[in-house]
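Spelled out, the chains give:
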Amino acid sequence: MEMLEFVVPALNVKAILPQVILSLTALTVLLVGVFSPQDKKTSSLGYLSLVGVVTALISTLMINGVRESAYNGMVLADGFSSFITLIICVVTILTILTSINYQKFFPRLNCGEYYCLLLFAAVGMCFMGSAGNLLMVFLALETMSISIYVLAGFKTDDAKSIESAMKYFLLGAFASGFLLFGFALIFGSTGTMDLVKISAFLTAHPEVIHSRMLMGGVALMTVGFGFKVAMFPFHMWTPDVYEGAPTSITGFMATGVKAAAFAALLRVFFVALGHLQADWTGIMWLFAFLTMTIGNVVALSQTNIKRMLAYSSIAHAGYLLIGFVAGSKLGQSAILFYLLSYAFTNLGAFGVIALLGRKEGEYTELEDFAGLGFKYPLMGLAMALFMFSMAGIPPASGFMGKFYLFSSAMKAGFVWLAIFGVINSVISLYYYLRVVVVMYFTEAGREVVMPKPSPALVVGLVLAAVGVLQMGIFPSYLLDMARQSIQTMLM
Amino acid sequence: MNQLSFPIISLVTFFPIFGVLILLMIDKESEDILRGTAVAFTVIEFFISLPLIFYFNNVTHNMQFVELIPWVKSFGINYHMGIDGISLWLVILTTFLTPICVLSSWSYIQKYVKEYMVCLLLLETAMLGALVSLDLILFYVFWELMLIPMYLLIGVWGGPQKIYAAVKFFMYTAAGSVFMLLSIIFLYYYNYKVTGVYTFSILELYKLNIPISVQFWLCLAFFVSFAIKVPMFPLHTWLPDAHVQAPTAGSVILAGVLLKMGTYGFLRFAMPLFPYATHQFTPVMATLAVIGIIYGALVAMVQPDMKKLVAYSSVSHLGYVMLGLFALNMQGIEGGLYQMLNHGISTGALFLIVGMIYERRHTRMIKDFGGIAKVMPVFATFFMIATLSSVAVPGTNGFVGEIMILIGAFRSFPIFAVIAASGAILGALYMLWMYQRVMFCPLDKPENQKLKDLNVREIVTLLPLAVLVFVMGFFPGLFLRKMDATVSHFLKDFNTRYEAYAQQQPQSLGDRIAAVLPASENKDKIIE
């Protein structure tokens, strides 16, 4: 048993540069928020945070290619973490652009705390992508989660929002307990929290691989992660939380949290627990199948668009698990590509929902969208594009993403999973098409008026649409980048 | 390879997109300018596509006007396009029918004119792209892309039950095609395993030797996907709904080109990729084709609605095409190809005619008409020409196609040919009976007595079709000679490869799948 010793780590800013920038921005926004008078804030806080995230994004692209383990293996800076940071930055940028429009209807959201929490959540997400130690995974997860619990309940005058935050918090805390307990058992069986060292220990002591303690630890950990990615049967919180949370935050949860949780899942399972792959593949196969099927089938009967997208997000977690089951490098890079594509698509869709707002509440029933396709042609076009992308119809990015995921499954020999995957895509087509049907094929019922959108959100939607089309029509560059980042993952 | 040293196929394929961009810049209130622009673009598009005929080399079976640019390099997906004797006339048919569709919608479409024209032009690009793609993924992208504008055409400008029809159309076709996608991916990895090359190019994949039992499943996925599109009995139920609800131009495009995508898919992809499985499926497909012929004809006979009648006659006609293709001999396949063009022209004309009378009377029920020939003589003439073409009277295009198919089918399966020939009699029966009830009989309904005959625009719309009926009826050689080299090579290749397969011993399915799929231990190695 080696003694725990305290070593002052070398300060390596390069490995955590994006996180540093995001944190500093968060603190600045908080201070500016406190010291600027209430009536003069307008959207300056949003733009200030935007500058910070864009800087973080640029720094990520600049340090892309760094490959090192920093802070005693706590942080692994490699292509993988860069790609995750890239996704998180895109998610955060689009969320901020949506929030700037959204706060016009809900001025309460326009304060330093909101953007500060958003940025800290992003910091946590980035660290989940680069954590090299179970403890770091947990810290990052909590940084992210606690910020989001608060954000979900940010509409303090709306009972649904409070309910959403309360539900998310209680269940989330419970899930964190599972995760931590799982970590403890893994530590107990291997004597280390370091992902790379766990793998080395298991190579040296193959008899531990099938010990009950380690298996129990992996199972509990799966529960914890499963909760965060909304995997069946840990998905029950999703619709209520997504429906109640402010729309700008719902998109953030659906894409950012999912990306971060999948990043940690991939890193922990493939770096530390690669030896157990044969054991978890079977159960994950089942989870993947059930997650996508339940998500899609229940989404069929939803009439609230936010709830529908919540179930659709469960289904997408199922698709992503297909890549996880495939387990190959191809499958992992497919997950990265899909996460980015899903970020553009889903945030675009939530951005469109955020366009329609008013002081008393939002229009989130499906029937509110009746006839809007021709009334607001550009908005309709954007929403149709995002829906077709989610359904996986070319030339939108969702097609390329699904093609990539399913082909990884086919290649790894999971033909049936791929077959269930495409059957699910057809089921999902029905409810995504229904949005198009409502927007274009039916006459307007209730008088829904779209207030003039702020330029920020317009830019955001254009970015999302360009992202969707770019990834669908010219996917080469990002495909190679995703592949590259898996190849350079530190093992 | 490209005899023009100019990317003409890309120009033909994407020229309508250029039209879309222009349309988007025009104010949506100035509807006549929008209509005029759309007509101009589609007519220019037709003329741009004509060099394909003039520079087409009749002698070679190779792909012509080929363009090949890497698209997604890491996957080996290419922007690979080319034309041969199978696709040439279908491309021309598409560029020929689209301006007619735009013209026919001139007064029929009154709301959202701009969006309508944009949909039609997008649809044209998607259809052309699917016809000229030589890369399976590229083809799949265009194939799925066709769905969106057609779905909107039915759903926005359709009849009372448009939503049901549009969603059914989309779901049916998409459900069929996703399994084709899985098959494509499977082929891709199998090809890599055998040859070490990542490619989706069908010209390369044609050469693959696919284990027989796996071939069966792959072939089935392709067959189902294309059979839904054709549509073959019993997968045809979306078609009458879609046709009846769609606006006239939508029906014309649907019957004229979209359905041909199914038969084209059989000939281009399913049959040459899987010769052995195709051969095994032939009795089933021929039976379904014959059932389709008779069933379509019988159901058409009892339809009270003219449009539904024409829709069911499509099921019957496409049955002929499938019977010809699966006869797997020169006459059968060329007849099938010829009948695809005929069907596009004659059924296209019939849908236009039904649309014109509907615009005047706002009903399509046969019982609401009678004696129309007296008040609308020009209309009656065109209607007669289209009817005769559909019935396949000698001298019209329909005769050439049908007789070739029947000769081809008789050589391969005489009994089916005899049954199919009786379908031709049923065809004459329901078409002429409808013509009689609508055009002759006493002119006893007061609403029908003041009907105006066709105006100049409508005559311009129908005239090219009527002329083609006779040109194709009297000079079939003009069209068939361009198909000869390709079709005879197709048959030669198909038969050689079938013989090679027939020598192999079929193995059990489990063994075969295990042999094809990479084992799980070495999958990371395979990716490199």
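What counts and what doesn't
Residues numbered from 1 in each chain as written. Chains lettered and ligands numbered in written order. Predicted model: local features only at pLDDT ≥ 70, side-chain atom pairs only at ≥ 80, totals over all residues. Helix = DSSP H or I, 4+ residues; strand = E, 2+ residues; numbered from the N terminus. Rg over C-alpha atoms; globule rule 2.2 N^0.38 Å. Contact = placed C-beta atoms within 7 Å. Buried ≥ 20, exposed ≤ 12 C-beta atoms within 10 Å, placed from the backbone. Axes fitted to C-alpha atoms, helices over the stretch in contact; angles between N-to-C directions. Parallel < 35°, antiparallel > 145°, perpendicular 65-115°, else oblique. Nonpolar A, V, L, I, M, F, W, Y, C, P; charged D, E, K, R; others polar. Expected span 1.5 Å × (residues − 1). Left-handed = near helix turned anticlockwise from the far one by under 90°. pLDDT = per-residue confidence, 0-100. Pairing = 2+ DSSP bridges.

Asker: I'd like a description of the overall build of chain A, backed by residues and values.
Answerer: A tally of regular secondary structure across chain A gives 20 helices and four strands. Here chain A has a C-alpha radius of gyration of 21 Å; the compact-globule value for 491 residues is 23 Å, and the two agree. C-alpha extents for chain A along the principal axes are approximately 70 × 55 × 40 Å.

Asker: Go over the overall build of chain B with me, naming the residues and quoting the values.
Answerer: Broken down by element type, chain B carries 24 helices and two strands. Taking the principal axes of the C-alpha coordinates as reference, chain B spans close to 80 × 55 × 45 Å. Put simply, of all contacts in chain B between residues at least 6 apart along the chain, 80% involve residues at least 24 apart.

Asker: Residue-level account of the interface of chain B and chain A, with values.
Answerer: At the junction of the two partners, chain B supplies 32 residues and chain A supplies 30 residues. Every element with two or more residues in the side of chain B that touches chain A is listed here: α6 (136–145), α7 (147–157), α8 (162–195) and α24 (523–527) of chain B. When residues of the side of chain B that touches chain A are assigned to their parent elements, the largest contribution, 15 residues, is made by α8 of chain B.

Asker: I'd like a rundown of the environment of Glu113 of chain A, residues and numbers included.
Answerer: Residues and elements named next belong to chain A. Here Glu113 is to be found in helix α4 (residues 112–130). For Glu113, a count of 16 C-beta atoms within 10 Å puts it in the partly exposed group. Among all residues touching Glu113, those that are not within four sequence positions of it are Leu30 and Gly33.

Asker: Would you mind going over α6 of chain B in detail, with residue names and values included?
Answerer: All names here are of chain B. Buried residues dominate α6, accounting for ten of its ten residues. Listed as buried for α6 are Leu136, Ile137, Leu138, Phe139, Tyr140, Val141, Phe142, Trp143, Glu144 and Leu145. Elements in contact with the buried residues of α6: β2 (77–83), α5 (113–132), α7, α8 and α9 (202–205).

Asker: Describe the packing of helix α18 (residues 397–412) of chain B against helix α21 (residues 456–474) of chain B, naming the residues involved and giving the relevant values.
Answerer: Residues and elements named next belong to chain B. Close contact between α18 and α21 brings their axes to 6 Å; oriented N to C, the two are set at 45°. In terms of axis orientation, α18 runs oblique to α21. On α21, the residues touching Asn397, Phe399 and Val400 of α18 are Val469, Met472 and Gly473. Per-class residue counts for the contact of α18 with α21 are four nonpolar, two polar and no charged.

Asker: Any details on the environment of Tyr311 of chain A? Residues and values, ideally.
Answerer: If you trace the backbone, Tyr311 of chain A turns up in helix α13 (residues 305–326). For Tyr311 of chain A and Val458 of chain A, which are 147 residues apart along the polypeptide, the C-alpha to C-alpha distance reads 26 Å.

Asker: Tell me about the environment of Pro304 of chain B, and name the residues and values.
Answerer: All names here are of chain B. With respect to the helices, strands and loops of the structure, Pro304 is situated in the loop between α13 (275–301) and α14 (306–327). For Pro304, a count of 11 C-beta atoms within 10 Å translates into the label exposed. Along the backbone, Pro304 and Gly76 are 228 residues apart, and their C-alpha atoms lie at a distance of 53 Å.

Asker: I'd like a description of helix α17 (residues 397–411) of chain A, backed by residues and values.
Answerer: The first and last C-alpha atoms of α17 of chain A sit 21 Å apart over 15 residues, in line with the 21 Å expected at 1.5 Å per residue. Positive backbone phi, approximately 95°, marks Gly413 of chain A, located one or two places after α17 of chain A.

Asker: Describe unusual backbone geometry, listing the residues and the values that go with them.
Answerer: For the bond running from Phe232 of chain A to Pro233 of chain A, omega is 0°, close enough to zero to count as cis. Take Pro233 of chain A: it is sitting in the loop between α9 (212–229) and α10 (238–244). Between Pro394 of chain A and Pro395 of chain A the backbone carries a cis peptide bond, its omega angle lying at 10°. One can find Pro395 of chain A in the loop between α16 (377–391) and α17. Positive phi, normally seen in glycine, also occurs at Phe65 of chain B, with a value near 55°.

Asker: Residue-level account of the packing of helix α3 (residues 79–102) of chain A against helix α19 (residues 455–473) of chain A, with values.
Answerer: Residues and elements named next belong to chain A. Packing of α3 against α19 brings their axes to within 7 Å, and their N-to-C directions diverge by 145°. Both α3 and α19 take part in a crossing whose hand is left-handed. Here Leu94, Leu97, Thr98, Ile100 and Asn101 of α3 come into contact with α19, specifically with Ala456, Leu457, Val459, Gly460, Leu463 and Ala464. When the residues that make up the contact of α3 with α19 are grouped by side-chain class, the tally is eight nonpolar, three polar and no charged.

Asker: Explain the confidence of the model for chain B to me, and be specific about the residues and the numbers.
Answerer: Residues and elements named next belong to chain B. Model confidence for chain B is summarised by a mean pLDDT of 85, while 95% of its residues fall at 70 or above. In the model, residues 518–528 has pLDDT below 50 throughout and makes 14 contacts with residues more than four positions away in sequence or in other chains. Across the predicted assembly, pTM comes out at 0.89 and ipTM at 0.87.

Asker: Quick rundown of the pairing of strand β1 (residues 64–72) of chain B? Include the residues and the values.
Answerer: Residue and element names in this part refer to chain B. Taken together, the six bridges between β1 and β2 define a ladder with antiparallel strand orientation. Looking at β2, one finds that Val72 is bridged to Ile77. Between β1 and β2, which pair antiparallel in sequence order, lie four residues; one of them, Gly76, sits at a positive phi of approximately 75°.

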